[in-house]
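Descriptive structure summary
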Amino acid sequence: MPEHLTDAGELGHRFGQAATLVVPTLIVAGLWMAWLLVGNLQGLLLTGYGQALLFKVFLVALMLILASANKLRFVPAMQGRVAKAAQHLARSIEVEAIAVLVVLSTTATLTSVLTLPS
């Protein structure tokens, strides 16, 4: 609703500030865990587990790109009371939600179907 654009933009801005600290920490932790689990480049590229892990990393990168668009483009536009910005942000969040579901499905596959490379 147009009367809530400024408040929503401010909330998005505060969320983006928190994410700026949390996201890099999660990326480093994820890379460290991947290295501990797979152990080498061959295990990453030539095994089903490694390929599924790469797919998951690709999806997370897609979500980070969308999150960047939200933070750098849509949230400032909402703070500037641009009505279409809220629609664009909602669409971006919908795509992110779909990506999250696929990441969770991939994680389920990694933890219950595939085995770690030897």
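Turning to the environment of Ala-97, a few remarks are in order. For Ala-97, the location among the structural elements is in helix α4 (residues 83–112). Taking the C-alpha atoms as reference points, Ala-97 and Met-63, separated by 34 residues in sequence, lie 8.9 Å from one another.

Charged atoms that come close allow side chains of opposite charge to pair. Applying the stated rule across the entire model yields one salt bridge. Notably, a salt bridge pairs Arg-91 with Glu-94, separated by 3.8 Å at the nearest N-O pair. Taken together, the residues span about one helical turn, with Arg-91 and Glu-94 both in helix α4 at a distance of three residues. The class for Glu-94 is partly exposed, based on a relative accessible area of 45%.

Taking 1.5 Å of rise per residue, 30 residues should cover 44 Å, and α4 covers 45 Å from first to last C-alpha, within 8% of that figure. The set of residues buried in α4 consists of Ala-85, Leu-89, Ser-92, Glu-96, Ala-99, Val-103, Thr-106 and Leu-110. Check the buried side of α4 and you find it contacts α3 (48–79).

A few words now on the nonpolar core. Listed in full, the six residues of the largest apolar core are Ala-34, Val-38, Tyr-49, Ala-52, Leu-53 and Leu-110. Looking at this core, the elements with two or more residues in it are α1 (5–38) and α3. At three residues, α3 tops the list of elements feeding residues into this core. With sequence-adjacent residues up to four places away left out, Ala-34 is seen in contact with Gly-39 and Leu-53.

The next subject is α3. With 32 residues, α3 extends 45 Å from end C-alpha to end C-alpha; this agrees with the ideal 46 Å at 1.5 Å per step. Maximum bend of α3: about 35°, positioned at Asn-70. Along α3, the residues that are buried comprise Tyr-49, Gly-50, Ala-52, Leu-53, Leu-59, Met-63, Leu-66, Asn-70, Phe-74, Val-75 and Met-78. Just beyond α3, the residue with positive phi is Arg-81, at close to 65°.

On the surface, a nonpolar cluster with roughly 640 Å² of combined accessible area is contributed by Trp-32, Met-33, Trp-35, Leu-36, Leu-37 and Leu-116. Within the secondary structure, Leu-36 is located in helix α1.

Our focus in this paragraph is the side chain of Ser-92. Its place among the elements puts Ser-92 in helix α4. Looking at Ser-92, the relative accessible area reads 6%, which means it is buried. When near neighbours in sequence (up to four residues on either side) are disregarded, Ser-92 contacts Leu-66, Asn-70 and Phe-74.

Rules behind the numbers
- Residues numbered from 1 in each chain as written.
- Predicted model: local features only at pLDDT ≥ 70, side-chain atom pairs only at ≥ 80, totals over all residues.
- Heavy atoms only, no water.
- Helix = DSSP H or I, 4+ residues; strand = E, 2+ residues; numbered from the N terminus.
- Salt bridge = Lys/Arg side-chain N within 4 Å of Asp/Glu carboxyl O.
- Buried < 20%, exposed > 50% of the residue type's maximum accessible area, 1.4 Å probe, protein only.
- Expected span 1.5 Å × (residues − 1).
- Contact = heavy atoms within 4.5 Å.
- Core = buried A, V, L, I, M, F, W, Y, C linked by side-chain atoms within 4.5 Å.
- Bend = angle between axes of the 7 residues up to and from the residue.
- Patch = residues over 30% accessible without salt bridge, like charges linked within 9 Å, V, L, I, M, F, W, Y side chains within 5 Å.
- Areas by Shrake-Rupley, 256 points an atom, 1.4 Å probe, with all protein chains shown as cover.

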